Structure formats: structure tokens, C-alpha cells
Amino acid sequence: MRSLARKSVLPLTFTVVMAAAVVGYASEQTDTSSSGGGRSSFGKSGEAGGQDPQDQDPSATAPADDGNAYTPRRTEQNARVGAVFEKDDTGDHFCTASVVQSPGRNMLITAAHCAYDSDAGSTVNDLVFAPDYRNGEEPTGLWKVKKVIVDDRWAKSQDEDLDVAFLILDKKKGKQVQDVLGGNTLGIDRGFDNEVKITGYPTSRNTPISCQNRTTKFSDTQLRVQCTDFEGGTSGSPWLADYDPKSHTGTVIGVLGGHEGGGDEDDVSYAAYFDDDIAQLYKHAQDED
């Protein structure tokens, strides 16, 4: 666990990776051509090439008791969460991402370890986003990732307190993803005790799962929550608080990741606390759009 003292010592720099080339920023430069077509499994990201996903009953169930996973209904809120694939949707989905509001109206948030392969020292090439993916159906199609923005300290050392990435998408049929799906706001310094809804895509299933529960403090820089069945593939799942049905927005206060890549138990998950470092990364992602 990184101590708070390190934040005052290390410079705040970022790594920005385009789909086919690196934008030079700070001291980290990455050649995306070296990462090839594979990726390593880390935390609660799924490993491509594993078992074929088993279909889950697509019929929606009512929300279960706090901490128990269930199959969420198709709603405007849930449609902003999607499965992340590499290149196209012929392989396994291995992570989860969701739409966050930005001036460019084209931004996702996920875990850094979903978008940056620390073994290869470079981005995961050719990410695509399938919002509201269920049993092979993609209501708005696949959205291609144009840029990946992670903190330079994550790229260098996989600092678990910075396990957050912003993804900028290409337009699709002349529209930005936020124009089609809307987006949630980003919550900074929201404290450690929040009622959240978490939605993610386990690699073993072709439908999402959701869970409601209260977050707790694991450390000064990490949130913790008890939710069943959040296994590989759920890394990057948004932790959504304060959803307002009138404005159709909620607030993302974390993404599944951080400590142990999100946790080594399916029923306990973690997220890096959204502090000033994440706020600056978010601002930088907007500047790079």
C-alpha cells in the first residue's frame, strides 16, 4: 500500500496512449506496437483465451439483499456500463467500463490495469467498448477506443492508488457516446461511507451483474465493499452513488480495481479513492480530447 507521503514526493505526470501511437507527455513513452495481440490477466480482469463464457439467464431479476449480485434490468442507467473487448467482440470480454461526462462527450472510465499491460510495458491495443452487452447483442454497437490516459506513476510502478484510466472514444455514425447514452458525473473526495450500485461484466457470463451495498474504508487511499460474484472481468466496474432518475445521472466515486487489482476474492472488492490525483488525471484527459 502506498503511503500518503509518496504523493508529495513524486511528480504528477501522465501517460497518454493513442490507438496506434503514443502522445509524448512527461517521461513515459510507450510503443504500442510491442504489445502484440495478447494481454496478461491481473486482479479482476479476465484472461483472454480462457473458457468460453457461460450464458446466464437473460431474464432480469429484482435487486437482491445488499451485497448479493443479481442480473440488472435493461435501463438507461445500466446501458452506460459495458464490456471491454480487444480488437472486436469475437474473443472474451475481459474488463468493464462506463460513460462519464466530459466536454467532448466521448469519455469512459475503467481501471488502469484494464488498459495498460504492465508486463509488456505498453497499452492494450485496439480496445473496444460494448455498452449494454447481453448475450452477444450490442444495442448501440461497438465503440472504438481512440486514446488511453493513465497516470505515469501507474505505468511505471502499478501504484494501486492510481488504478484508474480514462478512455476517449471515436465517434460512431457521427455521434459521440454521451450523445447516445448520456453519462454520469465523477465524484472526488466523497468519503468512505457511500451507498453504491456496482455493475460489471464477469468474463464467465454474457450478461452483467449488479449489486448494492455500502462502502467501507480499507485504508486512507482505498475503498472496500462486499458484493458477491464479482470475479474476473469486473475490473473497471463503476461504483455509482446518488443516481437521480429526474436528471438521469449518478456519480461514479470509484472503479473496481486498486488493492490487489480489485481483490483476490470474488465476494470482496476494492477501489482506489478518488482524490486530487484522480481529479487531475480527469482534467488532463479532457485536455487531451
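Just so it is clear, the model here is predicted, and its values are computed rather than measured.

Procedures and definitions
Residues numbered from 1 in each chain as written. Predicted model: local features only at pLDDT ≥ 70, side-chain atom pairs only at ≥ 80, totals over all residues. Heavy atoms only, no water. Helix = DSSP H or I, 4+ residues; strand = E, 2+ residues; numbered from the N terminus. Expected span 1.5 Å × (residues − 1). Buried < 20%, exposed > 50% of the residue type's maximum accessible area, 1.4 Å probe, protein only. Arc of directions from axis to C-beta. Disulfide = S-S within 2.5 Å. Pairing = 2+ DSSP bridges. Axes fitted to C-alpha atoms, helices over the stretch in contact; angles between N-to-C directions.

(A) Structural context of helix H4 (residues 276–288). A rise of 1.5 Å per residue sets the reference length of H4, with its 13 residues, at 18 Å; its end C-alpha atoms lie 18 Å apart and thus fit the reference within 8%. Along H4, the residues classified as buried are Asp-277, Ile-278, Leu-281, Tyr-282, His-284, Ala-285 and Glu-288. Relative to the axis of H4, the buried residues are bounded by an arc of 165 degrees and lie together on one face. Seen from the buried face of H4, the exposed residues on the opposite side, beyond 90 degrees, are Lys-283 and Asp-287.

(B) How the structure looks around the state of the cysteines. Applying the stated rule across the entire model yields two disulfides. Here Cys-95 pairs with Cys-114 through a disulfide, and the sulfurs are 2.1 Å apart. Judged by the sign of its S-S torsion, about -80 degrees, the bond between Cys-95 and Cys-114 is left-handed. Pair noted here: Cys-95 is in strand S4 (residues 95–100) and Cys-114 is in helix H1 (residues 112–115), with a separation of 19 residues, a long-range link. Cys-114 matches Cys-95 in its accessibility class, with the two residues each being buried.

(C) Spatial organisation of the sheet that holds strand S18 (residues 268–272). Overall, antiparallel pairing links the three strands, which are arranged S14-S15-S18 in an open sheet. Pairing within the sheet leaves two strands with one partner each, and these edge strands are strand S14 (216–219) and S18. Across the sheet, the mean angle separating the axes of adjacent strands is 35 degrees when strand polarity is ignored.

(D) A look at the sheet that holds strand S12 (residues 195–200). Spatial strand order, S11-S17-S16-S12-S13: five strands in an open sheet with mixed pairing. Both outer strands of the open sheet, strand S11 (185–186) and strand S13 (209–214), are each paired with one neighbouring strand and no more. The pairing of strand S16 (residues 238–244) with strand S17 (residues 249–255) spans five bridges and is classified as antiparallel. Bridging from a neighbouring strand, Leu-240 pairs with Val-252 of S17.

By themselves, these figures tell us nothing about what the structure is for.
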